[in-house]
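Examining the three-dimensional arrangement
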Amino acid sequence: MGDITVKRLEGLRHKLKQKGIDAALVAKKENVTYMSGFNGGDSYLIITMEEAFLITDSRYVQQAAVQAPMYKVTRYQGSVADALGDMVKKAGAASVGFEEGYLTYQAYNEFKARLGAEKFLPMGGAIEELRLVKDREEIEIIKRAVKIADDAFSHILGLIKPGTAEIEIAAELEFHMKKNGAKGPSFETIVASGQRGSMPHGVASDKKVQMGEAITMDYGAIYMDYCSDMTRTVFLGTPDDELRKIYEVVLKAQSQALNGAREGLTGKEVDSIARDIIKDAGFDRFFGHGLGHGVGLEIHEEPRLSVSGERRLENGMVATVEPGIYVEGLGGVRIEDMIVINGGSPLVLTESPKELIII
Ligand SMILES: [Mn+2]
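About the criteria used
Residues numbered from 1 in each chain as written. Predicted model: local features only at pLDDT ≥ 70, side-chain atom pairs only at ≥ 80, totals over all residues. Heavy atoms only, no water. Axes fitted to C-alpha atoms, helices over the stretch in contact; angles between N-to-C directions. Helix = DSSP H or I, 4+ residues; strand = E, 2+ residues; numbered from the N terminus. Parallel < 35°, antiparallel > 145°, perpendicular 65-115°, else oblique. Left-handed = near helix turned anticlockwise from the far one by under 90°. Contact = heavy atoms within 4.5 Å. UniProt positions renumbered as here; feature names shortened; annotations may be inferred. Domains from an automatic or database assignment. Buried area = accessible area lost by both parts, 1.4 Å probe. Salt bridge = Lys/Arg side-chain N within 4 Å of Asp/Glu carboxyl O. Buried < 20%, exposed > 50% of the residue type's maximum accessible area, 1.4 Å probe, protein only. Polar contact = N/O pair within 3.5 Å; in protein donor to acceptor, adjacent residues only side chain to side chain.

- An unreviewed UniProt entry lists the chain under the name Xaa-Pro aminopeptidase, with Anaerobacterium chartisolvens given as the organism.

Written as structure tokens, this is what we have:
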């Protein structure tokens, strides 16, 4: 962990220098974890060109000392802004960078007034930029998070029967993932059956699944602070012809966009592979969301694979590919895998079957 932290500190310092910033104040939890290794809550980092401090309270001092050996761990009591101000003063930093997409207006005002820096400047997502391309260790952890979700899928197929409530399906998925090492679900588990399937983010309800319905399950695990995300739509009994057709269109769009996700394309270009197929089949107005998103310490992060995704894909970026078609009154279908950008053809992490499954 030490070597990785050193590399990340070097990366951030390089970006700060380019922006003319002397020190960074890091408050966003995922950024604190990425930069230090510490995964507790309510803690802050001050990273100068020479030093790295982790400021926490009595609940986390012991954990921080173990998890963040490259940092000087300092316990604060009372005002955290004053404690951070002492660090900034000691380090002689005239300008301090902050996470403009994260700090609340209230925190911004308080830190600006009390850090004592001449300048308090936005860092422009410097740490999120470092997080975009995953290193080998991160990819190994993400693979494990994906595997935990894959295993829960094969488990759930044996449990779904007419009369099973969506919330029971969600609970079983989450229980299975936790038994296999997940810290928890990476977001609120979606189980949307029958007509509820037309809600792309229909979280599990007390509705019971019935014969003839499609069941969309979208869920993931957190493993060692990294997220996974997958979706499968399965059928309980024989699907009607329209839903079967929709399934085939979504599967074609998903497979082709996934295979087409290569280094150098923009997120928008990959999105259009799927969107064009869905459009040609006449369902474009039923696919309202983006094709996919980056996944890492956060469940939704850059790069965005969507009509507004201007960022070019680089090797080592991790993303989802998840087109869907949702028809009100009929239901919906979505298929989602996770991939790692890898030159001309991606590494596909999700291994659950995608052919139409009838339970
Ligand atoms: Mn997703």
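**Quick word on the packing of helix H9 (residues 241-260) against helix H10 (residues 267-280)**
- At their nearest, the axes of H9 and H10 sit 8 Å apart, and the two run at 155° to each other. Of the possible angle classes, the one that applies to H9 and H10 is roughly antiparallel. Where H9 crosses over H10, the two elements pack in a sense that is right-handed. In contact with Val-249, Lys-252, Ala-253, Gln-256, Ala-257 and Gly-260 of H9, H10 contributes Val-270, Ile-273, Ala-274, Ile-277 and Ile-278.

**Some details on the UniProt feature "domain: Creatinase N-terminal" (unreviewed entry) in the chain**
- Within this numbering scheme, the UniProt entry marks residues 8-133 as carrying the feature "domain: Creatinase N-terminal" (unreviewed entry).
- Helix makes up 44% of residues 8-133 and strand 21%, and the two end C-alpha atoms of the span are 12 Å apart.

**Some words on the domain arrangement of the chain**
- Looking at the chain, the domain boundaries give domain 1 (2-131) and domain 2 (136-348).
- Computed over C-alpha atoms only, the centres of domain 1 and domain 2 are separated by 35 Å.
- If you look at the interface, domain 1 gives nine residues, while domain 2 gives nine residues.
- Summing the contributions of domain 1 and of domain 2, the shared interface buries around 720 Å²; its carbon and sulfur component is 41%.
- The interface formed by domain 1 and domain 2 contains five salt bridges.

**Here's the deal with the side chain of His-293**
- By the secondary structure assignment, His-293 is in strand E13 (residues 292-294).
- Relative accessible area serves as the criterion here: at 7%, His-293 is assigned to the buried category.
- Side-chain polar atoms of His-293 contact the side chain of Asp-229, separated by 3.1 Å.
- Not counting the four nearest positions on each side in its chain, His-293 is found in contact with Asp-229, Ile-299, His-300, Glu-301, Pro-303, Arg-304, Leu-305, Val-318, Ala-319, Thr-320, Glu-322 and Glu-336.

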